[in-house]
Number of protein chains: 2
Amino acid sequence: MRLSDAGRDVTLAGWVQRVRKMGGMTFLDLRDRYGITQVVFDNSTDAALNEAANHLGREYVVQVKGTVAERTAKNPNMPTGDIEILATELKVLNASEVPPFTIEDDTDGGDDLRMRYRYLDLRRSPVRANLELRHRMTMEVRRYLDSKGFLEIETPMLVGSTPEGARDFVVPSRMNPGQFYALPQSPQTLKQLLMVSGMDRYFQIVKCFRDEDLRADRQPEFTQIDCEMSFIEQNDVIELFEGMAKHLFKEIRGIELTEAFPRMPWADAMKYYGSDKPDTRFDMKFVELMDILKGHGFSVFDNAAYIGGICAKGAAGYTRKQLDALTDFVKRPQIGAKGMVYARVGEDGTVKSSVDKFYTQETLQAMAKAMDAQIGDLILILSGDDAMRTRKQLCELRLEMGRQLGLRDKNKFSCLWVVDFPMFEWSDEEQRLMAMHHPFTHPKDEDIPMLDTDPAAVRADAYDMVINGVEVGGGSIRIHDSALQAKMFEILGFTPEKAQEQFGFLMNAFKYGAPPHGGLAYGLDRWVSLFAGLDSIRDCIAFPKNNSGRDVMLDAPAALDQKQLDELKLEVVLPEE
Amino acid sequence: MRLSDAGRDVTLAGWVQRVRKMGGMTFLDLRDRYGITQVVFDNSTDAALNEAANHLGREYVVQVKGTVAERTAKNPNMPTGDIEILATELKVLNASEVPPFTIEDDTDGGDDLRMRYRYLDLRRSPVRANLELRHRMTMEVRRYLDSKGFLEIETPMLVGSTPEGARDFVVPSRMNPGQFYALPQSPQTLKQLLMVSGMDRYFQIVKCFRDEDLRADRQPEFTQIDCEMSFIEQNDVIELFEGMAKHLFKEIRGIELTEAFPRMPWADAMKYYGSDKPDTRFDMKFVELMDILKGHGFSVFDNAAYIGGICAKGAAGYTRKQLDALTDFVKRPQIGAKGMVYARVGEDGTVKSSVDKFYTQETLQAMAKAMDAQIGDLILILSGDDAMRTRKQLCELRLEMGRQLGLRDKNKFSCLWVVDFPMFEWSDEEQRLMAMHHPFTHPKDEDIPMLDTDPAAVRADAYDMVINGVEVGGGSIRIHDSALQAKMFEILGFTPEKAQEQFGFLMNAFKYGAPPHGGLAYGLDRWVSLFAGLDSIRDCIAFPKNNSGRDVMLDAPAALDQKQLDELKLEVVLPEE
């Protein structure tokens, strides 16, 4: 309702946000999904009605009839702040006990309490707004993909277990005793079968499941925008889904992105940002300093396999205390650097570093030049005996400096594609090559000969979309040839029997005319969080689970009745305490 | 491509449907998702190309370049039948082994083979058309509900087990050993919590799971269009979702339904059709004949608790053999009638029955009049000592007669609402009252006093949408008062402790200002099947399971690795053979 509705008779229903008594008047803030409306009861008009309004408690559910009127004291902070309702009738539809926390934008409820009473937490408008955003995003995704000829096809939730990759959640089958379904980690193989079946352009917004130890951006169940296309090359997929991203930016955030997203080879992302998902909202690229800083008697650098620095513009004023805190930051076990070297470019252009005794001003100037450091800049340097590990440490330092310098604005977006991923990565734990994406990824045609000679150097037709340092989606061109697929399983250490047992259905399907195909999957939860400016994906999920995988509202999981276990032919065998 | 494209150079990719050699020409039928296009190779233009085309096998994946030309022999049965492609290039993208069945509208593959190679079965255009229909229906459902202010909100798949109702599929939790999640049988309680949270208008197209023994129209996982609204009464829900049905009929089937759907009380549905989901495409209503046929010395009728008949218009010509077959039909164990009585109205208006010796012509005429039977009609009568059971038998007979007389046209649609369901039904097995819909259904206000005195007579604010004898959706107004909800659990035989243990989260939520609410859920699979004219829901599901709950393509479920069982602290205990 707006000012133009003045004089209209209306019926409203909602929750009591607040009741204030002022002289002979009672003011009720009535809340519904669409906002808050002020309702006025006047003792001089209807004393009994006014009295009834005075007995309303917070979160009572009421129905009010009345007339829309212009407010004398307008509230510019509310969309309905120009009007109020002069009440003529009041009906209590349901009472409420006092809620365990306040239903306000900034609540006094802690995380645990909010999760236990999530149905009350969802009444708070910031949380509700996240779910509304999620609805609008999925509507726009479907609108876009439908307009491009994609069919949404549901794939099954009860599939087979594939112990390769993350852990599966499994589901015992009562009708097939001793056997289990698995919940899909993604519909990867099923969407590939849909391509074999000629479906051409498929998508699905679908729940996926991974039984992993949880972090802030992980949930045991999460939602994927899963897509696949046939008769395409990498560039077709990238262009189509970049179009989808731009569509969402425009429709949801009102941001028109006209330029093509940059495409950064994985090797460059690691070299300049130490990450396959660089936050490119700010520059501060790594500069390798091996040539300049090695061989001057500073044994830490002299023995290092990698020395790299970042230049924090205008941060030369950092105090010793701030620098010590940064050193402590990189030395935390989660990051694991041994130490940090810093250098400031002073007002007079001289460079002063924490390792001055080993270096001449000339060398330090050469370093500053290599780093494009100007007067007033701060240089931070890490080194180590494992280049990749040191780059990852430097990445954390760069992100922290970006944060401290206010360069990671949640309302600024920087999008890119990371491309040319390696096909494999070495696993120390398994002592073998593992698929970096998954075993169905197509190697770059020009690298296929290296599968036999140097598999670790083979690059894949794989691509990730990265926004603000978040991997919002990723995909690849797939193998559609059963011989190449078999070779891939061989490199990954599968015996032919094991490959057949686990993925025989897919390799057999490839024998009956599989088209060239590829696709990608977006993480919906992450993307909604990004658009909503959330730090965790939890608040864009209606009923999330906590770090132990528990739904504390439903109190799930829980023990089963013995009868259920018996029907499933299962016994729980807990270790003795 | 159409005739207007003639002269254009095109590139096509797809599967080889057929190759025919005719003189110096080779004709290739190329199939993709959009249809079949004829490609022509001419030996006199390019002998090598023609030769290559002759070596193509069925289901090879090829890319063809060529020019669109008008066909001399047009094929009116194909959308692209006016044109052909004169090939200039041919590239084999992938070969194919000979498929295990023909990829034609009418295939030679049996059910088992088709399911094992479902990815090939999906290439057949009738199956593909079902999935396209399903996509268009869900798009339209979302468009309609979004336009009415509904938010699609995802509810979790890993919830708690509630042994009331059908059996749950359960999921062991590794992080909480000995505890299990359940997969939702429906998001019923969660959508009610969303109403408590003020979400107002919710929907979700969502997978649900029931571990039941399977029939043709049941799958262990199925898809629901799940909806809920607050601050509404039964009529609001019915009108809004009748609007959705009409929207789908119009957009998907091109049928404009202008009349309101009839609303039939459950008691009438049982009385006139012996079913809570009557097929109203044809009339043939039951007529009760107790007053007319009892007490004339025919002991079968004299001892019956119910005698009822149907009048099959124009079927007096049924032979003795046909009538015997009908008698056998109703005597089958699945139906269980003891026998069938029939009567014909002859050309001269006399009624001749199979029990003439007990009845005068006058009584038979009275019967014919009661049944509105005319010359040439056939009357079929069943009786029994349990009225409800006999009505269900008569229902089967009515449906069979409708089928035999061609009254159940798949392209004719008859929609209605069945309303005023009983709140409870007696379970012989459990020896207690069970909820006919579910324990959250609101009793009719005027019947609430009977909860204490005669609960079996209490009617519910529940409604089903029935189309052509299929229950496509159902719902109810819900209880939003924790005291009434507690009473309901008491009547259903829950101790307060057990009710609290299983549904405490919901009853607690009701204490914090639950709004009046209600909703409904449509069975998507059933609705797509209805629009597609299918007999089973299987063919509108991409990857369905068989009657043993198996996915024969994936070979799921299957045994787990011992390592997985160990991590879950589970042991399989199979009974000895």
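Summarised in this report is the structure supplied together with it. Computed from a prediction, not measured in an experiment: that's the story for all the values here. Each chain has its residues counted from 1, running along the sequence as written. Going through the entries in the order they are written, you letter the chains from A and number the ligands from 1. Note on the predicted model: pLDDT of at least 70 is required for a residue's local features to be given, and 80 or more for side-chain atom pairs to be given and counted; whole-chain, interface and lining totals, by contrast, use all residues. The basis for every side-chain value is the complete set of heavy atoms in the structure, and neither hydrogens nor water enter the calculation.

### What about the overall build of chain A?
- Helix numbers and strand numbers start at the N terminus; a helix is a DSSP run of H or I with at least 4 residues, a strand a run of E with at least 2. Regarding its fold elements, chain A presents 17 helices and 23 strands.
- Viewed in the frame of its principal axes, chain A has a C-alpha envelope of about 90 × 75 × 60 Å.
- Burial here depends on accessible area, computed with a 1.4 Å probe over protein chains only, as a share of the maximum for the residue type. Under 20% is buried, over 50% is exposed, and the range in between is partly exposed. For chain A, with 577 residues in total, the buried portion stands at 55%.
- Counted over contacts in chain A with a minimum sequence separation of 6, partners at least 24 positions apart contribute 66%. We call two residues in contact whenever any of their non-hydrogen atoms come within 4.5 Å of each other.

### Here we look at the pattern of salt bridges
- One speaks of a salt bridge when a side-chain nitrogen belonging to Lys or Arg is within 4 Å of a carboxyl oxygen belonging to Asp or Glu. Tallied over the entire structure, the rule returns 89 salt bridges over all chains.
- The partner of Asp213(A) in a salt bridge is Arg174(B), with the nearest N and O atoms 3.4 Å apart. On the criterion of chain membership, the pair formed by Asp213(A) in the loop between β9 (201-209) and β10 (221-230) and Arg174(B) in the loop between β7 (170-172) and β8 (180-182) is interchain, its members lying in two chains.
- Among the ionic pairs, Asp279(A) bridges to Arg408(A), the shortest N-O distance being 3.0 Å.

### Topic: the packing of helix α4 (residues 125-147) of chain B against helix α16 (residues 524-532) of chain B
Residues and elements named next belong to chain B.
- Axis definition: a line fitted to C-alpha atoms, limited for helices to the stretch in contact. Angles are taken between N-to-C directions and run from 0 to 180 degrees. At their nearest, the axes of α4 and α16 sit 10 Å apart, and the two run at 120° to each other. The angle between α4 and α16 places the two elements in the oblique class. Viewed along their axes, α4 and α16 form a crossing whose handedness is right-handed. Together, Asn 130, Leu 133, Arg 134, Met 137 and Thr 138 of α4 and Leu 524, Asp 525, Trp 527, Val 528, Phe 531 and Ala 532 of α16 make up the contact between the two elements. Any angle from 65 to 115 degrees is called roughly perpendicular, while one under 35 is roughly parallel, one over 145 is roughly antiparallel, and all others are oblique. If you view the pair so one helix is near and one far, a crossing is left-handed when the near helix is turned anticlockwise from the far one by less than a right angle, and right-handed when it is turned clockwise.

### A closer look at the packing of aromatic side chains
- In summary, the pairing rule links any two rings of Phe, Tyr or Trp, Trp by its six-membered ring, whose centres are within 6.5 Å, and it sorts them by plane angle into stacked for under 30 degrees, edge-to-face for over 60 and tilted for everything else. In this structure the tally under the stated criterion is 38 aromatic pairs over all chains.
- Each ring, one from Phe440(B) and one from Phe489(B), has its centre 6.3 Å from the other, and the planes form 80°; the classification is edge-to-face. Taken together, the residues Phe440(B) in the loop between β19 (432-435) and α13 (450-453) and Phe489(B) in helix α14 (residues 482-491) connect sequence positions 49 residues apart. Side by side, Phe440(B) and Phe489(B) carry an identical accessibility label, which is buried.
- Among the aromatic residues, those joined into a cluster by ring pairs are Phe150(A), Phe241(A), Phe249(A), Phe413(A), Tyr522(A), Trp527(A) and Phe531(A).

### Focus on the interface of chain B and chain A
- Opposite the 118 residues of chain B that make contact, chain A presents 118 residues.
- Carbon and sulfur atoms supply 62% of the area buried between chain B and chain A, which totals about 10,200 Å² over both sides.
- Here chain B and chain A share 9 salt bridges between them.
- Among the ionic pairs, Glu152(A) bridges to Arg142(B), the shortest N-O distance being 3.6 Å.
- Whenever a nitrogen or oxygen atom comes within 3.5 Å of another N or O atom, the pair is scored as a polar contact, on the condition that within protein one atom can donate a hydrogen and the other can accept it, and that pairs from neighbouring residues in sequence are kept only if both atoms are in side chains. For the pair chain B and chain A, the interface holds 58 residue pairs in polar contact (both at pLDDT 80 or more).
- It is α4(B) that contributes the most residues to the side of chain B that touches chain A, 9 residues altogether.
- Each residue belonging to the side of chain B that touches chain A can be placed in one class, and the counts come to 66 nonpolar, 22 polar and 30 charged. Accessible area, probed at 1.4 Å, shrinks when two parts are joined; the buried area is that loss added up over both. Nonpolar residues are Ala, Val, Leu, Ile, Met, Phe, Trp, Tyr, Cys and Pro. Charged residues are Asp, Glu, Lys and Arg, and all others, Gly as well, are polar.

### Considering the pairing of strand β3 (residues 35-42) of chain A
Residues and elements named next belong to chain A.
- Of the pairings in the sheet, the one linking strand β2 (residues 25-32) to β3 comprises 8 bridges and is antiparallel in character. Paired with Thr 26 across the bridge in β3 is Phe 41.
- Between β2 and β3, which pair antiparallel in sequence order, lie 2 residues.
- Bridging between β3 and strand β5 (residues 83-94) involves 2 bridges; their strand directions are parallel. Across the sheet, the residue bridging to Val 39 is Ile 85, located in β5. Note on pairing: DSSP must find at least two bridges between two strands before they are called paired.

### As for helix α1 (residues 47-54) of chain B
Residue and element names in this part refer to chain B.
- Within the span of α1, buried status applies to Leu 49, Asn 50 and Ala 53. Looking straight down α1, one finds that the buried residues subtend no more than 100° of arc, so they occupy a single side.
- Check the buried side of α1 and you find it contacts β1 (9-22), β2 (25-32), β3 (35-42) and β5 (83-94).
- Put simply, Asp 46 is the residue that caps the front of α1, since its side-chain oxygen is 3.3 Å from the backbone nitrogen of Ala 48. Arc, as used here, means the arc of the directions from the helix axis to the C-beta atoms.

### Side note on the relation of the copies chain B and chain A
- Superposing copies: least-squares fit, C-alpha atoms only, residues required to have pLDDT of at least 70 in both. When chain B is fitted to chain A, the residual RMSD is 0.1 Å, and the transformation amounts to a turn of 180° plus an axial shift of 0.0 Å. In the structure described here, the two chain copies are related by an operation that fits a two-fold rotation axis.
- When you check the interface residues of chain B against chain A, 100% turn up at the interface there too, and the contact is symmetric in its surfaces.

### With respect to the nonpolar core
- Definition used in this section: a nonpolar core is a set of buried Ala, Val, Leu, Ile, Met, Phe, Trp, Tyr and Cys residues joined via side-chain atoms within 4.5 Å. Judged by nonpolar contacts, the single largest core of 57 residues is most densely connected at Tyr119(A), Phe543(A), Ile153(B), Leu193(B), Leu194(B) and Phe424(B).
- At 6 residues, helix α15 (residues 496-509) of chain B tops the list of elements feeding residues into this core.
- Residues Leu416(A), Phe503(A), Ile103(B) and Ala556(B) belong to the second largest nonpolar core, which totals 56 residues.

### Observations regarding the environment of Val92(B)
All names here are of chain B.
- Inspection of the secondary structure assignment puts Val 92 in strand β5.
- Expressed as a C-alpha distance, the spacing of Val 92 and Ser 482, which sit 390 residues apart in the sequence, is 68 Å.
- Those residues within four positions of Val 92 in sequence are excluded, and the remaining contacts are Leu 56, Tyr 60, Val 61 and Val 62.

### Thoughts on the side chain of Ser353(A)
Residues and elements named next belong to chain A.
- Here Ser 353 is to be found in strand β15 (residues 351-353).
- Ser 353 gets classed as buried once you look at its relative accessible area, which sits at 13%.
- Beyond its immediate stretch of four places on either side in the chain, Ser 353 contacts Tyr 342, Ala 343 and Leu 364.

### Observations regarding the packing of helix α10 (residues 320-331) of chain A against helix α12 (residues 387-404) of chain A
All names here are of chain A.
- With their axes 10 Å apart at the nearest point, α10 and α12 run at an angle of 140° to one another. By the angle between their directions, the pair α10 and α12 is classed as oblique. For α10 against α12, the interelement crossing comes out right-handed. Of the residues in α12, those in contact with Leu 326, Phe 329 and Val 330 of α10 are Glu 396, Leu 397, Glu 400, Met 401 and Gln 404.
- The class makeup of the residues in the contact of α10 with α12 is 5 nonpolar, 1 polar and 2 charged.

### Focus: a negative patch on the surface
All names here are of chain A.
- Residues with no salt bridge and a relative accessible area higher than 30% make up the patches, which join like charges within 9 Å and nonpolar side chains (Val, Leu, Ile, Met, Phe, Trp, Tyr) within 5 Å. A 1.4 Å probe and the Shrake-Rupley method give the accessible areas. Residues count as covered only by the protein chains that appear here. For this count, His and the chain ends are skipped, Lys and Arg are scored as positive, and Asp and Glu as negative. Note that the charge is assigned to NZ on lysines, CZ on arginines, CG on aspartates and CD on glutamates. A cluster of acidic residues, Glu 104, Asp 105, Asp 106 and Asp 108, forms a negative patch at the surface.
- With respect to the helices, strands and loops of the structure, Asp 106 is situated in the loop between β5 and α2 (111-116).
- The exposure class assigned to Asp 106 is exposed, which follows from its relative accessible area of 73%.

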